[in-house]
Amino acid sequence: MSKTTNQIRNLTMMALFVAIEIILLVTPFGYLRIGPLSATLMHVPVIVCACVMSTKFGAFLGLVFGITSVINATMAPTITSFAFSPFVEIGGFQGGFQSLIVAIVPRILLGVIAGYLYRFLLKKSFSKTKSAAISAGVATCLHTIMVLGLIILFYAVPYAEAIGVANSALMAYMGTVLLTNMIPEIVVAVLINIALVKALAPVLNK
């Protein structure tokens, strides 16, 4: 395959992944409201892209995911949206530059982690199925931990006040979020990543 053909193929695939992220953003499937937080399916295309294309493309799609997170928090705010958008003020709590870190950095790292881990496992002679499953599960888990960890780091006090829990109970609340949000997100990411890696990897020679 010529270099030009390969570039066209990559750009076409990247455009498709970006389009999927946009479709998820404008439909109820992208951000599922669960109390003050949102469960999401937006992480799945990032993981798939990182595995079947490259870590670089996965990181870029993670950036797109992060930007959509800021847009979603700004256009459809909840009581905790200040943690994801510097343009939101709710209940006296104003987002800041740190909100961009919370919304964007973990999403970029999601693509980096998924891509590097998938290729590392392949080099260690893991099958594509096992590599896809492990990379999707680990990347999703670390992504959720990073988001919640950054919220605690930057916005612990206002976040606790916004959701109506004592500061001392915030960690327990976040632990509940990990169990209720992260587990379904991991299951979905693992199943879809396995299926799409099997389907797309041979086509893309990955």
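Residues numbered from 1 in each chain as written. Predicted model: local features only at pLDDT ≥ 70, side-chain atom pairs only at ≥ 80, totals over all residues. Heavy atoms only, no water.

Some details on the packing of helix α1 (residues 3-26) against helix α3 (residues 55-75)
Here's step 1: Two elements in contact, α1 and α3, have axes whose closest approach is 10 Å; the angle formed by their N-to-C orientations is 25°. Relative to α3, the element α1 is oriented roughly parallel. α3 is crossed by α1, and the crossing has right-handed handedness. Residues Asn10, Met14, Phe17, Val18, Glu21 and Leu25 of α1 pack against Phe57, Phe60, Leu61, Val64, Phe65, Thr68, Ile71 and Asn72 of α3.
Here's step 2: Taken together, the residues of the contact of α1 with α3 sort by class into 10 nonpolar, 3 polar and 1 charged. (Axes fitted to C-alpha atoms, helices over the stretch in contact; angles between N-to-C directions. Helix = DSSP H or I, 4+ residues; strand = E, 2+ residues; numbered from the N terminus. Parallel < 35°, antiparallel > 145°, perpendicular 65-115°, else oblique. Left-handed = near helix turned anticlockwise from the far one by under 90°. Contact = heavy atoms within 4.5 Å. Nonpolar A, V, L, I, M, F, W, Y, C, P; charged D, E, K, R; others polar.)

Topic: the environment of Ile192
Here's step 1: Of note, Ile192 is situated in helix α6 (residues 170-204).
Here's step 2: In contact with Ile192, other than residues within four places in its own chain, are Val44 and Val48.

Looking at a nonpolar patch on the surface
Here's step 1: Among the surface-exposed residues, Phe60, Leu63, Ile67, Ile71 and Met75 lie close enough to one another that they form a single nonpolar patch of about 470 Å² accessible area.
Here's step 2: Within the secondary structure, Phe60 is located in helix α3.
Here's step 3: The exposure class of Phe60 is partly exposed, given its relative accessible area of 43%. (Patch = residues over 30% accessible without salt bridge, like charges linked within 9 Å, V, L, I, M, F, W, Y side chains within 5 Å. Areas by Shrake-Rupley, 256 points an atom, 1.4 Å probe, with all protein chains shown as cover. Salt bridge = Lys/Arg side-chain N within 4 Å of Asp/Glu carboxyl O. Buried < 20%, exposed > 50% of the residue type's maximum accessible area, 1.4 Å probe, protein only.)

Topic: the nonpolar core
Here's step 1: If you look at the biggest cluster of nonpolar residues, it comprises 32 residues, and the most contacted ones within it are Phe17, Ile47, Cys49, Val52, Met53, Leu61 and Val197.
Here's step 2: Secondary structure elements with two or more residues in this core: α1, α2 (43-52), α3, α4 (97-123), α5 (128-163) and α6.
Here's step 3: A total of 8 residues in this core trace back to one element, the largest contributor, which is α2.
Here's step 4: If we ignore the near neighbours within four places in the chain, the residues touching Val197 are Cys51, Val52, Tyr118, Lys128, Ala132 and Pro202.
Here's step 5: Ranked by size, the runner-up nonpolar core spans 21 residues in total, among them Phe84, Tyr159, Ala160 and Ala162. (Core = buried A, V, L, I, M, F, W, Y, C linked by side-chain atoms within 4.5 Å.)

As for the state of the cysteines
Here's step 1: Taken as a whole and judged by the stated rule, the model has 0 disulfides.
Here's step 2: Left unpaired, Cys49 is separated from the closest cysteine sulfur, that of Cys51, by 9.2 Å. (Disulfide = S-S within 2.5 Å.)

Examining the layout of surface pockets
Here's step 1: Within this model, the largest pocket holds a volume of roughly 180 Å³.
Here's step 2: In this structure, the largest pocket is lined by Met13, Leu16, Phe17, Ile20, Leu24, Leu41, Val44, Pro45, Val48, Ile192, Leu196 and Leu200.
Here's step 3: Contributions of two or more residues to the lining of the largest pocket are made by α1, α2 and α6.
Here's step 4: Among the elements that line the lining of the largest pocket, the one with the most residues is α1, at 5 residues.
Here's step 5: Broken down by class, the residue content of the lining of the largest pocket amounts to 12 nonpolar, no polar and no charged. (1 Å grid on protein atoms, 1.4 Å probe; cavity = no way out; pocket = protein on both sides within 12 Å on 5 of 7 lines; lining within 4 Å. Points joined across faces, edges and corners; volume = space filled by probe spheres on them.)

Focus: α4
Here's step 1: Between its terminal C-alpha atoms α4 stretches 39 Å, which fits the 39 Å expected from 27 residues at 1.5 Å a residue.
Here's step 2: For α4, the set of buried residues is Ser99, Val102, Ala103, Ile104, Pro106, Arg107, Leu110, Gly111, Ala114, Gly115, Tyr118 and Leu121.
Here's step 3: Taken together, the buried residues of α4 touch α2, α3, α5 and α6.
Here's step 4: Phi for Ser125, located one or two positions after α4, is positive at around 70°. (Expected span 1.5 Å × (residues − 1).)

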